[in-house]
Amino acid sequence: MIIDEIVAFFDSAEKAIPYLEFPIDLLICETKFNGMGGLEFRKQAHKIPVCIFVSSRPELAAEVFETDALDFITKPLKTERLHHSIQKVFNFFEMKEKGDCFNALPGENCIKKIRQSCFSD
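Presented here is an overview of the structure given in this document. (Residues numbered from 1 in each chain as written. Predicted model: local features only at pLDDT ≥ 70, side-chain atom pairs only at ≥ 80, totals over all residues. Heavy atoms only, no water.)

## With respect to the overall build of the protein chain
Logical step 1: For the protein chain, the helix and strand inventory stands at five helices and three strands.
Logical step 2: When the helices and strands of the protein chain are placed in sequence order, the string is α-β-α-β-α-β-α-α.
Logical step 3: In the protein chain, buried positions account for 29% of the 121 residues.
Logical step 4: In the protein chain, the proportion of contacts linking residues at least 24 apart, taken out of those at least 6 apart, comes to 33%.
Logical step 5: As displayed, the protein chain offers around 8,700 Å² of accessible surface, 55% of which is attributable to carbon and sulfur atoms. (Helix = DSSP H or I, 4+ residues; strand = E, 2+ residues; numbered from the N terminus. Buried < 20%, exposed > 50% of the residue type's maximum accessible area, 1.4 Å probe, protein only. Contact = heavy atoms within 4.5 Å. Areas by Shrake-Rupley, 256 points an atom, 1.4 Å probe, with all protein chains shown as cover.)

Right, here's the structure in full:
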């Protein structure tokens, strides 16, 4: 996975809603925004495949993962923890690419083809 660009930063979920029309691969979201909360925003942003929540409230972790979030980071944000979370993003997209490759290959020798096209260096 190559990060092409950061689309935008927002201080409220309402300002981000118009961007949901664009193809977005990753959402990093606070659980608390001015106005609409991050959990409510995630419900509207359900088409974004990967979401990482950041919060100072660890008790929200269970609710966060019910939104199919990939990760939950508690504040204060630590570099090592953020790195771990971003690695999860790369792992997710690597697995997704392999799954897409697998689904695209018809035929009897599917395993052999997968090794040749997906797992080769």
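Moving on from the model shown.
## Let's talk about the packing of aromatic side chains
Logical step 1: Here the structure, examined in full by the defined rule, presents three aromatic pairs.
Logical step 2: Arranged with centres 5.7 Å apart and planes meeting at 45°, the rings of Y19 and F22 form a pair that is tilted.
Logical step 3: Cluster of aromatic residues (ring-pair linked, three or more members): F10, Y19 and F22. (Phe/Tyr/Trp six-rings, centres within 6.5 Å; stacked < 30°, edge-to-face > 60°.)

## A few points about the pattern of salt bridges
Logical step 1: As enumerated under the stated definition, the model contains six salt bridges in all.
Logical step 2: Residue K75 is joined to E30 by a salt bridge in which the shortest nitrogen-to-oxygen separation is 2.8 Å. Of this pair, K75 sits in the loop between β3 (71-74) and α4 (79-104) while E30 sits in strand β1 (residues 26-30), placing them 45 residues apart in sequence.
Logical step 3: By relative accessible area, which is 37% here, K75 ends up partly exposed.
Logical step 4: Take E30: its relative accessible area is 29%, and that puts it in the partly exposed class.
Logical step 5: Sharing partners across several salt bridges, the network here consists of D71, R81 and K88. (Salt bridge = Lys/Arg side-chain N within 4 Å of Asp/Glu carboxyl O.)

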